[in-house]
Amino acid sequence: MAKRDYYEVLGVTRTATDVEITKAYRGLAKKYHPDQNPGDEEVVVKYHEVSEAYEVLKDPTRKQIYDRYGHEGLAQAASGGGGGAGVDLSDLLGQVFGDFLGGGGGRRRARGPRRGEDIEDVLDVDLLEAATGVKKTISIRYEANCKECSGSGAKPGTQPAQCKRCKGSGAEYVSAGGLFSFPQACRGCGGRGAVNPDPCKACRGAGRTEARESLDLNVPPGVDTRVRLSVPGHGHEGAPGAPRGNLELVIRVREHKVFERDGHNLICQFPVSFARAALGGPVELATLTGQKVTIEVPRGAQTHTTVLRVAGHGMPDLDDPRRKGDLLVILVVETPTALSPEQEQLLRRLAELDGTPPPTPRKGFFGKLKDLISGDGPPTEQRK
Ligand SMILES: [Zn+2]
Ligand SMILES: [Zn+2]
């Protein structure tokens, strides 16, 4: 036999106060008390039904579960949601209630109207912006309560009615096979527990509309991809009277053409001529922020393996922007392709000194240059 709705059993509405519930229970308990009705089996059943309804509705947590998920919800809660004994009811409540958006529909809640949902979004910044910090103006869209109907969804002057499908609980159960069933938002009312026979025109009965706002954001220096920026109070609107949710932005740093990030350090490749690599000496390079710094190329620098560290020109620390990582400069030695007649002459001379006739050296050109300057063959006046 299907269980009757507890409110129906006590003959009260879903919005009844604790006092009204207790009063109704006392009246019925007296009426159906077995002592008053000796030998009447049907009345005994009713007495137990009334007692059971009251046991649930007088307990705020169980009442909340029942309001949301009905008899099945209570059964699941009692069995620990299928996970055995010892489950805290309020934990379960948090879990199952977390699946639902919005609230209202005449349902009473112990903790006041429901706070709005958070908005999750991605915020793209350039690597330079991530290094220096940046002010950004962004436009967000959020769900707001319809101003025409104050979020009820009912045409102004009319009242929403309890959803018949879920009896106002907002939930219905989907069988998962066997003994288990899972609550999901009622398809009759979208989880609101109420329907509007005469819907508000502005929001088509949804009670919600889309709103936009523009926000000025300060992105702090040092942010990296996946860093979250939380902007409290700029999420979706909650139930009427409840605070808005938060805007949760996840940073995504765009790739830079020159600089690559590795934690707090920046890495870049820097081209040097083979002559500079061989002889060593100062070269000037521009950092991510455009600052010119002079670095000293060591004599005999090797392509892709000689790495120079420029301290303090990496990314700032998010917690303490004064602390900065380093810039690691990977030297890339460039082999010339277009030679002036003078350059060609010099290179031919170099090749001759090395003892291997151009143009088909077995070793790479630079390898020989290295041999040359490391003192294996050529006279020292080749060194500058
Ligand atoms: Zn409306
Ligand atoms: Zn419903």
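Residue indices follow the written sequence of each chain, beginning from 1 at its first position. Chain labels run from A onward and ligand labels from 1 onward, assigned in the order the entries are written. With the structure being a predicted model, the display of local features is reserved for residues of pLDDT at least 70 and the display and counting of side-chain atom pairs for 80 or more, all residues being used for whole-chain, interface and lining totals. To get the side-chain values, take all heavy atoms of the structure and skip hydrogens and water.

### Here we look at unusual backbone geometry
- The backbone of Arg204 sits at a positive phi, close to 55°, despite the residue not being glycine.
- One non-glycine residue with positive phi stands out, namely Arg226, at about 80°.
- Secondary structure is summarised from DSSP: a helix means a run of H or I of at least four residues, a strand means a run of E of at least two, and numbering begins at the N terminus for each. Topologically, Arg226 is positioned in the loop between β7 (208–219) and β8 (228–231).
- Using a 1.4 Å probe on the protein chains alone, a residue whose accessible area is under 20% of its type maximum counts as buried, one over 50% counts as exposed, and one in between counts as partly exposed. The class for Arg226 is exposed, based on a relative accessible area of 67%.

### Points about the sheet that holds strand β1 (residues 119–125)
- Paired strands, as defined in this entry, are two strands with at least two bridges between them according to DSSP. Pairing within the open sheet is mixed, and its three strands lie in the order β1-β9-β8. With one partner strand each, in any of the chains shown, β1 and β8 form the two edges of the open sheet. Between one strand axis and the next, the sheet turns by 30° as a mean value, whatever way the strands run.
- Pairing of β1 with strand β9 (residues 247–253) involves seven bridges; the strand directions are parallel. Across the sheet, the residue bridging to Leu123 is Ile251, located in β9. Only the contacting stretch of a helix is used when fitting its axis, a line to C-alpha atoms as for every element, and angles between N-to-C directions run 0 to 180 degrees.

### Points about the coordination of the zinc ion (ligand 1)
- Within the protein, Cys146 (SG), Cys149 (SG), Cys200 (SG) and Cys203 (SG) serve as the donor atoms for the zinc ion (ligand 1), at 2.3 Å.
- Here a donor is an N, O or S atom found within 2.8 Å of the metal, or within 3.2 Å if the metal is Na, K or Ca; sites may look incomplete because water is not among the atoms. Every angle between 85 and 135 degrees makes a four-donor site tetrahedral, while opposite donors more than 155 degrees apart, with all other angles between 65 and 115, make a four-donor site square planar and a six-donor site octahedral; other sites are irregular. Considering all four donor atoms around the zinc ion (ligand 1), angles at the metal cover 105 to 115° and the coordination shape is tetrahedral.
- Counting the intervening residues between successive donors of the zinc ion (ligand 1) yields the motif C-x2-C-x50-C-x2-C. Exposure class is identical for Cys200 and Cys203. Each is buried.

### Considerations on the nonpolar core
- By size, the foremost hydrophobic cluster in this structure holds 46 residues, and its most contacted members are Leu123, Ile251 and Val329.
- The dominant element in this core, judged by the number of residues it contributes, is strand β2 (residues 134–145), at five residues.
- Just so you know, the domain bounds were taken from an automatic or database domain assignment. A domain-level breakdown of this core finds at least three residues from each of domain 2 (119–253) and domain 3 (260–378).
- Any two residues whose heavy atoms approach within 4.5 Å are treated as being in contact. Excluding residues within four positions of it along the chain, Ile251 makes contact with Leu123, Val125, Val219, Val223, Asp224, Thr225, Arg226, Val227 and Leu229.
- Of all hydrophobic cores here, the second largest spans 22 residues; its members include Val9, Val50, Val56 and Ile65. By nonpolar core is meant a set of buried Ala, Val, Leu, Ile, Met, Phe, Trp, Tyr and Cys residues that side-chain atoms within 4.5 Å join together.

### Regarding the coordination of the zinc ion (ligand 2)
- At this site the zinc ion (ligand 2) is bound by Cys163 (SG), Cys166 (SG), Cys186 (SG) and Cys189 (SG), with donor distances of 2.2 to 2.3 Å.
- Metal-centred angles of 105 to 113° between the four donor atoms at the zinc ion (ligand 2) mark the site as tetrahedral.
- Take Cys186: its relative accessible area is 2%, and that puts it in the buried class.

### As for the sheet that holds strand β11 (residues 265–273)
- Pairing is mixed in the open sheet, where four strands are placed in the order β10-β11-β15-β14. Only two strands of the sheet have a single partner each, and these edge strands are β10 (260–262) and β14 (307–310). Each adjacent strand pair in this sheet contributes to an overall mean axis angle of 35°, direction not counted.

### Topic: the environment of Gln291
- Topologically, Gln291 is positioned in the loop between β12 (281–286) and β13 (292–297).
- The partly exposed category is assigned to Gln291, whose relative accessible area is 42%.
- The contact partners of Gln291, leaving out residues within four places of it in the chain, are Leu285, Ala286 and His313.

### Side note on the confidence of the model for the protein chain
- Values of pLDDT, ranging from 0 to 100, describe the predictor's confidence in every residue of the model. Across the protein chain, the average pLDDT comes to 82, with 82% of residues at 70 or higher.
- Taking the mean pLDDT of every element in the protein chain, the minimum, 45, falls on helix α5 (residues 89–97) and the maximum, 97, on helix α6 (residues 127–132).
- Here residues 81–110 scores under 50 on pLDDT; set against residues more than four positions off or in separate chains, the count is 56 contacts.
- Confidence over residues 375–384 falls short of pLDDT 50; this stretch has 13 contacts with residues more than four positions distant or in other chains.

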